[in-house]
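Listed here are the chains, written in short residue letters.
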Amino acid sequence: MNRHKYKKLLKRTKFLRRKVNDGRRKHKQERFERDLKRIWKRAGLRQEPKGWVTPKIYLKRHREGSN
């Protein structure tokens, strides 16, 4: 496949790839949160520390004010 056809393919499947990657990121984030729970339980805590907010490190942050 030459460069021209490859670039055309990328453009054609752009949004499909974005959807697939978003699903993978969501799955990674869920796995990360599960691992955190496991760490807390090993440390002797029954639940997360008070005031803790789990960071969304794998999910994309969309701009709120861009309309």
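These numbers were taken from a predicted model, which means no experiment stands behind them.

Focus: helix 2 (residues 14–42)
If you check helix 2, its first and last C-alpha atoms are 42 Å apart, about what 29 residues at 1.5 Å a residue would give, namely 42 Å. Phi turns positive, to about 95°, at Gly 44, one or two residues after helix 2.

Here's the deal with the side chain of Thr 54
Relative to the helices and strands, Thr 54 is located in the segment after helix 2. Take Thr 54: its relative accessible area is 19%, and that puts it in the buried class. Polar contacts involving the side chain of Thr 54 include one to the side chain of Trp 52, which spans 3.3 Å.

Topic: a positive patch on the surface
On the surface, a cluster of positive charge is contributed by Lys 14, Arg 17, Arg 18 and Lys 60. Note on placement: Arg 18 falls in helix 2.

Notes on the pattern of salt bridges
Proximity of charged atoms lets side chains of opposite charge pair with each other. This structure, assessed with the given rule, holds 3 salt bridges. For the salt bridge of Lys 56 with Glu 33, the shortest nitrogen-to-oxygen distance reads 3.2 Å. Taken as a pair, Lys 56 in the segment after helix 2 and Glu 33 in helix 2 lie far apart in primary sequence, 23 residues in all. On the basis of relative accessible area, Lys 56 is assigned to the partly exposed category, the value being 41%. The partly exposed category is assigned to Glu 33, whose relative accessible area is 26%.

Focus: the packing of aromatic side chains
Overall, the coordinates contain 2 aromatic pairs when judged by the stated rule. Relative to Tyr 58, the ring of Phe 32 has its centre 6.2 Å away and its plane inclined at 75°; by these criteria the two rings are edge-to-face. Taken as a pair, Phe 32 in helix 2 and Tyr 58 in the segment after helix 2 lie far apart in primary sequence, 26 residues in all.

Criteria and thresholds
- Residues numbered from 1 in each chain as written.
- Predicted model: local features only at pLDDT ≥ 70, side-chain atom pairs only at ≥ 80, totals over all residues.
- Heavy atoms only, no water.
- Helix = DSSP H or I, 4+ residues; strand = E, 2+ residues; numbered from the N terminus.
- Expected span 1.5 Å × (residues − 1).
- Buried < 20%, exposed > 50% of the residue type's maximum accessible area, 1.4 Å probe, protein only.
- Polar contact = N/O pair within 3.5 Å; in protein donor to acceptor, adjacent residues only side chain to side chain.
- Patch = residues over 30% accessible without salt bridge, like charges linked within 9 Å, V, L, I, M, F, W, Y side chains within 5 Å.
- Areas by Shrake-Rupley, 256 points an atom, 1.4 Å probe, with all protein chains shown as cover.
- Salt bridge = Lys/Arg side-chain N within 4 Å of Asp/Glu carboxyl O.
- Lys, Arg positive; Asp, Glu negative; His and termini not counted.
- Charge placed at Lys NZ, Arg CZ, Asp CG, Glu CD.
- Phe/Tyr/Trp six-rings, centres within 6.5 Å; stacked < 30°, edge-to-face > 60°.

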